[in-house]
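Next come the chains, spelled out residue by residue.
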Amino acid sequence: MKAEIITVGTELLMGQVINTNSATIARELAKLSIPTYYQQTVGDNPERMFESIQLASSRSDLIILSGGLGPTTDDITKQVLAKVVQRELVEDEEAMDKIIRFHKQSHRPMSPNNRLQALAFEGETVFKNHNGLAIGGAVETDSTIFIVLPGPPSELKMMLEKEAIPYLKEKVSNEGTFVSRYLRFFGIGESRLVTDLEQLIEEQTNPTIAPYAGMYEVVLRLTANGDTKEECEQLLDELEEKILSVEREYFYGYGEYETLLSITSELLKNSGLSIASAESLTGGLFASTLISVEGSSKYVLGSCVAYQESIKKNQLQVSQEILEKYGMVSAECAEAMAENVRTIFGSDLGISFTGIAGPSPMEGKEVGTVFVSLADGVETKTIELHLARNRNGNREYAVQYGLNELRKYLLKK
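The following refers to the structure shown. This is a predicted model, so every value here is computed, not measured.

**Examining the overall build of the protein chain**
Across its full length, the protein chain holds 15 helices and 17 strands. Taken over C-alpha atoms, the radius of gyration comes to 28 Å for the protein chain, far larger than the 22 Å a tight globule of 413 residues would show. Projecting the C-alpha coordinates of the protein chain onto the three principal axes gives extents of approximately 85 × 55 × 40 Å. In the protein chain, which comprises 413 residues, the proportion classed as buried is 47%.

**Re the packing of aromatic side chains**
Under the criterion given, the structure shown has eight aromatic pairs. When the ring of Phe127 is compared with that of Tyr167, the centres are 5.7 Å apart and the planes differ by 70°; the resulting orientation is edge-to-face. With Phe127 in strand β6 (residues 125-127) and Tyr167 in helix α6 (residues 153-172), this residue pair connects regions lying 40 residues apart in the sequence. There is no split in this pair, since Phe127 and Tyr167 are both buried. Where Tyr216 meets Tyr397, the ring centres are 6.2 Å apart and the plane angle is 40°; that geometry is what we call tilted. With a gap of 181 residues between them, Tyr216 in the loop between β10 (208-213) and β11 (217-226) and Tyr397 in helix α15 (residues 391-412) connect regions that are remote in the sequence. Three or more aromatic residues joined by ring pairs make a cluster, and in this case those are Phe186, Tyr216, Tyr397 and Tyr401. Across from the ring centre of Tyr38, 3.8 Å away, lies the NZ or CZ of Arg59, which sits over that ring.

**Some words on the pairing of strand β15 (residues 349-355)**
Within β15, seven of the seven residues are buried, leaving the element largely enclosed by the surrounding structure. Burial of β15 is two-sided: the residues Leu349, Ile351, Phe353 and Gly355 facing one way and the residues Gly350, Ser352 and Thr354 facing the other way are all buried. Of the strand pairs in this sheet, strand β13 (residues 275-279) and β15 are connected by five bridges, and their pairing is parallel. Bridge pairing in β15 places Ile275 opposite Leu349. One ladder, built from six bridges, connects β15 with strand β16 (residues 369-375); its direction is antiparallel. Counterpart to Phe353 in the pairing with β16 is Val372.

**Topic: the environment of Thr282**
Positionally, Thr282 belongs in the loop between β13 and α11 (285-290). Taking the C-alpha atoms as reference, Thr282 lies 47 Å from Asp44; in sequence the two are 238 residues apart. Excluding anything up to four places from it in sequence, Thr282 contacts Phe353, Arg395, Ala398 and Val399. A distance of 2.7 Å separates a polar atom in the side chain of Thr282 from a polar atom in the side chain of Glu279.

**Re the sheet that holds strand β12 (residues 251-254)**
Pairing is antiparallel across the open sheet formed by four strands, whose spatial order is β10-β11-β9-β12. Of all the strands in the sheet, just β10 and β12 have a single pairing partner and so form its edges. Strand-to-strand, the axes of this sheet are offset by a mean angle of 25°, without reference to chain direction. Examined bridge by bridge, β10 and β11 share six bridges and lie antiparallel to one another.

**Considerations on the packing of helix α2 (residues 21-31) against α6**
Where α2 contacts α6, the two axes come as close as 11 Å, and the packing angle between them is 25°. Judged by the inter-axis angle, α2 sits roughly parallel to α6. For α2 against α6, the interelement crossing comes out right-handed. Listed contacts from α6 to Asn21, Thr24, Ile25, Glu28 and Leu29 of α2 are Pro153, Leu156, Lys157, Leu160, Ile165 and Leu168. Per-class residue counts for the contact of α2 with α6 are seven nonpolar, two polar and two charged.

**Looking at the side chain of Arg184**
One can find Arg184 in strand β9 (residues 177-186). We classify Arg184 as buried; its relative accessible area is 6%. A distance of 3.0 Å separates a polar atom in the side chain of Arg184 from a polar atom in the side chain of Glu217. Reaching out from Arg184, the side chain makes a polar contact with the backbone oxygen of Glu256 at a distance of 3.0 Å. Non-local contacts of Arg184, meaning those with residues more than four positions away in its chain, are made with Glu217, Val218, Val219, Tyr250, Phe251, Tyr252, Gly253, Tyr254, Gly255, Glu256, Tyr257 and Glu258.

**Some thoughts on the nonpolar core**
Ranked by internal contacts, the top residues of the largest apolar core, which has 30 residues, are Ile275, Phe286 and Leu406. Sort the elements by how many residues they give to this core and α15 lands first, with eight residues. Discounting chain neighbours no more than four positions away, the residues touching Leu406 are Thr264, Leu268, Ile275, Phe286, Leu349 and Leu374. Ile147, Leu156, Leu160 and Ile165 belong to the second-largest nonpolar core, a separate cluster that totals 22 residues.

**Let's talk about the pairing of strand β3 (residues 62-66)**
A large share of β3 lies buried, amounting to five of its five residues. Where burial is concerned, the two faces of β3 agree: the one with Leu62, Ile64 and Ser66 and the one with Ile63 and Leu65 are both buried. Note: strand β1 (residues 3-8) against β3, five bridges, orientation parallel. Across the sheet, Ala3 pairs through a bridge with Leu62, a residue of β3. Where β3 meets strand β8 (residues 145-149), five bridges bridge the pair, whose relative direction is parallel. Bridging from a neighbouring strand, Leu65 pairs with Val148 of β8.

Rules of the game
Residues numbered from 1 in each chain as written. Predicted model: local features only at pLDDT ≥ 70, side-chain atom pairs only at ≥ 80, totals over all residues. Heavy atoms only, no water. Helix = DSSP H or I, 4+ residues; strand = E, 2+ residues; numbered from the N terminus. Rg over C-alpha atoms; globule rule 2.2 N^0.38 Å. Buried < 20%, exposed > 50% of the residue type's maximum accessible area, 1.4 Å probe, protein only. Phe/Tyr/Trp six-rings, centres within 6.5 Å; stacked < 30°, edge-to-face > 60°. Lys NZ or Arg CZ within 6 Å of the ring centre and 35° of its normal. Pairing = 2+ DSSP bridges. Contact = heavy atoms within 4.5 Å. Polar contact = N/O pair within 3.5 Å; in protein donor to acceptor, adjacent residues only side chain to side chain. Axes fitted to C-alpha atoms, helices over the stretch in contact; angles between N-to-C directions. Parallel < 35°, antiparallel > 145°, perpendicular 65-115°, else oblique. Left-handed = near helix turned anticlockwise from the far one by under 90°. Nonpolar A, V, L, I, M, F, W, Y, C, P; charged D, E, K, R; others polar. Core = buried A, V, L, I, M, F, W, Y, C linked by side-chain atoms within 4.5 Å.

Below, the structure written as structure tokens:
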């Protein structure tokens, strides 16, 4: 089954409203292992909408339209689709009763055009609107399934969850069971990951591999098809082992919505260890990131933002010898910062960040040079990074590297 999404609304074309509906629908289809091949956005124009639906009909098995189900004169999605599929629109009694009750309870006069929200395709499936008034529905022809959903995101999401997804699950049930697994990688780019796994990706049949580049990481979605969930899990286990035999160094976790922050924070909470940070180029961003997670007060003791040399020297007690001999942007300075902040705050762990965010070089070192140190009172580990983002991108990426170093340390413990 190949899907196509058509979002309707002139306001989307003009940029007055951000189109989040396409992404929402595509994500839900992916969970059902229904690939989205095309997406269109069309204004509230009957001729162009008719053309868009016809084009989609020529190349897609499943077409989902969102928007244009309201009571105004430019809400014409059902009317145009009715012409394409040659179906009659009729008033759904249950939907009409809800609309009437709504206006009575809110003491509002009901305009005749409100009846448009209760229109349904005769003899076809009706989708209730659990968060609004305009109903949606599904229409089937010999070769295509059409689904219409409301435009307001809160209504669309609810109708997807309660009505459209259960309907689609029945349609794909004869294709067996689909199970997806998400593998998350940090410290490697999408192009490098795909190149390393090129043979596996080229030979994929079942399970399939779909790479996604995030802001700081890369995610692989593995999807298996089989007669049972257990069969799918076995196929995924085998493929995962092949992938990790190549990329285990960069793999950090599972889950569609997990992040380095969520995984590291959970490890830190369960470890019973406390942490303090000494931050130069990150300017408190690491501590701010950690404490954005609920319950972080159990393990975060505090942070020192030592942006100037005098603060590194006086508050963090970095020696004058280190500053003069190695400079503020050095492994030696980072190590002293991590070790000293741990002592000053009385924490189990100390982590530090120093470097050059940009835009200008400093101490003879290029922009993007960063040192991250992690100290536990027994040993101190320091990594040197050479980042190539803009000023804030370098700061944000340094924080992610700090989280990853902390994650690896906690896993060893």
